[in-house]
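# Understanding the architecture of this molecule
Now for the letters of each chain:
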Amino acid sequence: MRLNRTTRIVTGPDRGEEERRRWLRPLDGQGSGSRSASGSASGSGQRIRLVCFPHAGGAAGSFRPFAPLLPGGVDLLAVQYPGRHDRTGEPCATRMEELAGPLAAALAPVSGDGLVLLGHSMGAAVAAEVAARLEEHTGRPLLRLFVSGRPAPGTRDPVSVHEGGDEALLADLRRLGGTDEALFSDPALRSLVLPSLRADYRLIETYRPAEGRRLRTPLTALTGDSDPEVTPEEAQAWRSRSSGPFRLHVFPGGHFYLLERPVAVLGAVLADLGRGAPAGLEWPSTP
């Protein structure tokens, strides 16, 4: 099952389910967001599938803090990239096609009106690529795409951290923040984490999105106000990547602001989806 910019997504009921189990991890723990016994949404409104795409070096479990905060009618799933956690025995992807093609194929059978993609950092680029392929396949926009912690294409010059040694990768992790200090001092942990991290860096640093391509899917950009990876202006530039409605949310914090402020982030996400929000939200600025 393959997809590129000139071929169709080919799926079947059995194959699609197999691919979804391979690539997607349901995150349990939704408070009021669980299904009723009949499988229908609890509460009113369209049921939403919120699919989250991790950062470079990340895994599906990084979005687990979102699970208990979601309201009824929202199912949370996260992408598990190969080469880590329960997919450790598989080779890491080093080209965007190796992620976006299979993921688009896995999501195509469920890409109805309630599909929402949210990607952070590298995951934002993967999510945008998957959204483009799904639009091409179905002929219609998704409910919404959220891109977090990633400058819009064309706003920064390419870099090649992946071509350096281990210390270059570790230095970049320190620059971004949010990494457990144990990684820097534990040789065994470094040997476990660095191969997939290097592969992810190679993938995102060599990825070149199609020039002139615009989505129709409504798009929201999310960023921290002190993120060294993206300025609010570079996040605002995502506006040109979709002909649909656009919003920008700027939160206090650095590159991993969304893990520090999950309630505020989900409040903005749910507001843009027209859903209720948890009580006691700290609302971000929305220029």
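Residue positions are counted from 1 within each chain, in the order its sequence is given. Thresholds applied to this predicted model are a pLDDT of at least 70 for local features of residues and 80 or more for the giving and counting of side-chain atom pairs; totals over whole chains, interfaces and linings are not thresholded and use all residues. Only hydrogens and water are set aside; all other atoms, that is, all heavy atoms of the structure, feed into the side-chain values.

### Remarks on the pairing of strand β3 (residues 74-79)
Looking along a regular strand, one sees side chains alternate from face to face of the sheet. By the criterion of burial, β3 is predominantly enclosed, with 6 of the 6 residues buried. Each residue's exposure class comes from its accessible area (1.4 Å probe, protein chains only) as a fraction of the maximum for that residue type: buried when under 20%, exposed when over 50%, partly exposed otherwise. Secondary structure elements follow DSSP: runs of H or I no shorter than four residues count as helices, runs of E no shorter than two count as strands, and numbering proceeds from the N terminus. By the alternation rule, side chains of β3 split into V74, L76 and A78 and D75, L77 and V79, which are all buried. In this scheme, strands are said to pair when DSSP sees at least two bridges between them. The pairing of strand β1 (residues 24-26) with β3 spans 3 bridges and is antiparallel. The partner of P26 across the bridge, within β3, is L77. Across 5 bridges, the pairing between strand β2 (residues 48-53) and β3 is parallel. By the bridge assignment, C52 is partnered in β3 with A78.

### Brief notes about the environment of R64
Tracing the backbone shows R64 in the loop between β2 and β3. Classification of R64 by relative accessible area gives partly exposed; the value is 45%. For the pair R64 and A78, spaced 14 residues apart in sequence, the C-alpha to C-alpha distance is 8.6 Å.

### Examining the confidence of the model for the chain
For every residue, the pLDDT score states the predictor's confidence, bounded by 0 at the bottom and 100 at the top. Overall, the predicted model of the chain reaches an average pLDDT of 85, with 84% of residues at or above 70. Note on residues 1-7: pLDDT under 50 across the span, and 22 contacts to partners over four residues away in sequence or across chains. The low-confidence segment residues 279-287, where pLDDT is below 50, has 21 contacts with residues more than four positions distant or belonging to other chains. Contacts were defined at the residue level, with two residues in contact if any of their heavy atoms lie within 4.5 Å.

### Some details on the pattern of salt bridges
Note on pairing: side chains with opposite charge can pair once their charged atoms come close. Here a salt bridge means any side-chain nitrogen of Lys or Arg lying within 4 Å of a carboxyl oxygen belonging to Asp or Glu. Throughout the structure, instances matching the rule amount to 18 salt bridges. Across the salt bridge formed by R20 and E17, the nearest N and O atoms sit 3.0 Å from each other. Remark: E17 and R20 occur in helix α1 (residues 13-23); sequence separation between them is 3 residues, near one turn of the helix. R20 gets classed as buried once you look at its relative accessible area, which sits at 16%. Note on E17: relative accessible area 34%, which makes it partly exposed. Bridged by salt links that share partners, the residues E19, R22, R87 and E90 form one connected network.

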